[in-house]
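Now for the letters of each chain:
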Number of protein chains: 2
Amino acid sequence: MAETIRTKGTASPRPLRRHEVAERIKRYIIDNRLRPGDLLPSEGELCEALGASRSSVREAVKTLDALDIVEVRHGHGTYVGRLSMSALVEGLTFRGLLSPDDDFKVLEELVDVREVLERGMAQRILDTLHADHITALEELVDEMEAGLAAGQDVIGIDRRFHALLVEPLRNEIISQFSSACWDVYGIVAPHLHVITKQDELDTVNAHRAVVAAVRAADPLAFDRAVEAHYRPARRRIAAARERNAKAAAQNGS
Amino acid sequence: MAETIRTKGTASPRPLRRHEVAERIKRYIIDNRLRPGDLLPSEGELCEALGASRSSVREAVKTLDALDIVEVRHGHGTYVGRLSMSALVEGLTFRGLLSPDDDFKVLEELVDVREVLERGMAQRILDTLHADHITALEELVDEMEAGLAAGQDVIGIDRRFHALLVEPLRNEIISQFSSACWDVYGIVAPHLHVITKQDELDTVNAHRAVVAAVRAADPLAFDRAVEAHYRPARRRIAAARERNAKAAAQNGS
DNA sequence: ACTTATTTGTTCGTATGTATG
DNA sequence: TCATACATACGAACAAATAAG
């Protein structure tokens, strides 16, 4: 009944694996100089072109979709992906939600990463940041203060501030990685009840100090300001950890 | 086993989508406190427990496999993954091989990232690095010099040096990210003929200067040494870019 | 508003390759 | 060698989303 397709005449030892299909799709994109957003052949065409079954092609496409190398739209087609770091965000988020021994390790590490990136770029930020950028940073701080007074959620502004701080470097990887760390923090922190609205006033002042250091083009002041900026976040994490430890002790006794 | 997966008492209106299957597998891992390497239910059990077909479960598992959240071993079973940054490596590698406008942008950015990380951690590296670590660093430089004299490939030693430099921070994300950037560089650079064996002698001296600065616990010297260390890499990339531009001009005329 | 064609999403049945005992 | 359990792979059929006429 089933016409078993042996085709083993001179074929490779293994017919075709999922991984090979994925590799050949990537090669197709590279060789044809496709750009993010460009349309790829349909599943049926890929099956015929690669000599693989639809199931194998689909599984291969799904792995590429998870890496944002391709983007699949139902009823539409398959396109070249945006090459974002969405996979990193999902992976780190899962790690943060998983870790059973120390739930707060990942959060501390994320704060570390952002601080290290900004302190490590200090000199280059001061060299490349121009007047209009600094003005934009200052406006964001003003907006943050006003929003805070009105009881609004200022995390979005905070995020834009740091993205703008890193942006003039024109380094896509650093910008996206920093942004990814922010995403993960925003997802994981609420689950561990780290987010509080207390010391956001301190945060505004910390941002002001950063802007002042940038305007003065003072590397040492910038370094100190950035360090001071991340201190409250570390304190919140430590406080949440202690709360958690106490709750666990009560629960265990 | 089957019942423990179900988190919904009532059946969902739509049967089940691939994405939902993936989310529920992740929840299963988190809720059951599984650790990397632990065995997951087989495909058949997942199908029954989640009420999904084999294909849907397989495609969902493949997306999680791409993120290293699970790890599938043929004929063995499906296990919780190592949560590495393999997805980031694959994504960045593809981006580096793709970029048509400026092939060398990604390489420059990768060098930037590594330099920014090490310079940003300068103070903390000096604070936490102990005598035995410094000795190990020095031995690696000696080994590098000896290997270079024997005409061996010292890139592995170079890699270990920087991993050791970052290691005492005990920050998994930074260590893995730095390592991932190194991986990508090692894959992409040969494709663009950036790797040369010329100025490896300079590299050895640059490493010696870094070690000396660490031993002296001198932040400023450390900063200068790290910057000097990455300078040859930037020069190689710029040289390769010029070569490429000339070749393109000849080809186009 | 309706139909039709195209494309991806989902499911089932079957056969094959791989590792364990 | 055989049996078992697992993932891998193929192919066919139908459902759902989208676009164009």
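So, how was this worked out
- Positions within a chain are numbered from 1, following the residues in the order the chain's sequence is written.
- For naming, the first written chain is A and the first written ligand is 1, with later ones following in the order written.
- Where local features are concerned, this predicted model is filtered to residues with pLDDT of at least 70; where side-chain atom pairs are given and counted, the filter is 80 or more; whole-chain, interface and lining totals use all residues.
- Hydrogens are left out, water is left out, and the side-chain values use all remaining heavy atoms of the structure.
- As used in this record, nonpolar core signifies buried Ala, Val, Leu, Ile, Met, Phe, Trp, Tyr and Cys residues forming a set joined through side-chain atoms within 4.5 Å.
- Only protein chains enter the calculation, and the probe is 1.4 Å; a residue is then buried if its accessible area is under 20% of its type maximum, exposed if over 50%, and partly exposed in between.
- Any two residues whose heavy atoms approach within 4.5 Å at even a single point are treated as in contact.
- These domain boundaries are the output of an automatic or database domain assignment.
- In this comparison the copies share one frame, found by least squares on the C-alpha atoms of residues holding pLDDT of at least 70 in both.
- Near, as used in this document, describes a residue that has one of its heavy atoms within 4 Å of the molecule or strand being considered.
- Between N or O atoms, a polar contact is any pair within 3.5 Å; within protein, one atom must be a potential hydrogen donor and the other a potential acceptor, and residues adjacent in sequence are included only when both atoms are from side chains.
- Secondary structure elements are taken from DSSP: a helix is a run of H or I of four residues or more, a strand is a run of E of two residues or more, and numbering for both begins at the N terminus.
- Residue polarity follows a fixed list, in which Ala, Val, Leu, Ile, Met, Phe, Trp, Tyr, Cys and Pro are nonpolar, Asp, Glu, Lys and Arg are charged, and the others, Gly among them, are polar.
- To get an axis, a line is fitted to the C-alpha atoms, and for a helix only the part in contact is used. The angle between two axes follows their N-to-C directions and goes from 0 to 180 degrees.
- Here the word oblique covers every angle except those under 35 degrees (roughly parallel), over 145 (roughly antiparallel) and from 65 to 115 (roughly perpendicular).
- Every helix has an expected span of 1.5 Å times one less than the residues it contains.

Chain A has the name DNA-binding FadR family transcriptional regulator in an unreviewed UniProt entry, where Kitasatospora cineracea is given as its organism.

Visitor: How should the nonpolar core be read in this particular structure?
Guide: When a protein is soluble and globular, its nonpolar side chains tend to lie buried together. Within the largest apolar cluster, 106 residues are counted, with the highest numbers of intra-cluster contacts made by A:L107, A:F222, B:L107 and B:F222. When neighbours within four sequence positions are excluded, A:F222 is seen to be in contact with A:E118, A:A122, A:I125, A:L126, A:L165, A:V210, A:A213 and A:V214. Listed in part, the 49 residues of the second largest apolar core include A:V21, A:C47, A:A87 and B:I29.

Visitor: Help me out: how do you make sense of the domain arrangement of chain A in this one?
Guide: One frequent convention defines the size of an interface as the accessible area lost when the parts assemble. You can read the domains of chain A as domain 1 (18-80) and domain 2 (86-252). The gap between the C-alpha centroids of domain 1 of chain A and domain 2 of chain A is 37 Å.

Visitor: Looking at this structure, I do not really get the relation of the copies chain B and chain A. What am I missing?
Guide: Copy one and copy two of the chain differ by a rotation about an axis and a translation along that axis. Placing chain B over chain A gives an RMSD of 0.1 Å and needs a rotation angle of 180°, together with 0.0 Å of translation along the axis. In short, the pair behaves as if placed about a two-fold rotation axis. For chain B, the minimum C-alpha distance to the rotation axis belongs to B:G120 and amounts to 1.7 Å. A shared interface surface links the copies, since 100% of the contact residues of chain B are contact residues in chain A too.

Visitor: Would you mind going over the protein's contact with DNA strand C with me for this structure?
Guide: In the vicinity of DNA strand C, 22 residues are found, and the nearest of them are A:E43, A:R54, A:R58, B:S55 and B:S56. Backbone atoms, meaning sugar plus phosphate, form 65% of the atoms of DNA strand C positioned within 4 Å of the protein. The side chain of A:H74 places a nitrogen or oxygen atom 3.2 Å from a base oxygen of DNA strand C. The contact in question runs from a phosphate oxygen of DNA strand C to an N or O atom on the side chain of A:T78, over 3.2 Å. Elements supplying a minimum of two residues to the surface near DNA strand C: α3 (54-66), β1 (70-73) and β2 (77-80) of chain A together with α4 (54-66) of chain B. A per-element tally of the surface near DNA strand C places α3(A) first, with 3 residues. The class makeup of the residues in the surface near DNA strand C is 3 nonpolar, 12 polar and 7 charged.

Visitor: Got a minute to help me understand the packing of helix α5 (residues 105-120) of chain A against helix α6 (residues 105-120) of chain B in this structure?
Guide: At a closest axis distance of 7 Å, the pairing of α5(A) and α6(B) adopts a crossing angle of 100°. As summarised for this structure, α5(A) and α6(B) are arranged roughly perpendicular, according to the angle between their axes. In this structure, α5(A) contributes A:V116, A:L117, A:R119 and A:G120 to the contact, and α6(B) contributes B:V116, B:L117, B:R119 and B:G120. Residues that form the contact of α5(A) with α6(B) fall into these classes: 4 nonpolar, 2 polar and 2 charged.

Visitor: Explain helix α10 (residues 200-216) of chain A to me, please; I cannot follow it from the model alone.
Guide: An α-helical turn contains 3.6 residues, so a residue and the one three or four places further along point in the same direction. All names here are of chain A. Taking 1.5 Å of rise per residue, 17 residues should cover 24 Å, and α10 covers 24 Å from first to last C-alpha, within 8% of that figure. For α10, every residue scored as buried is listed here: E200, T203, V204, A206, H207, V210, V211, A213 and V214. Of the residues trailing α10, A217 is marked for its positive phi of about 55°.

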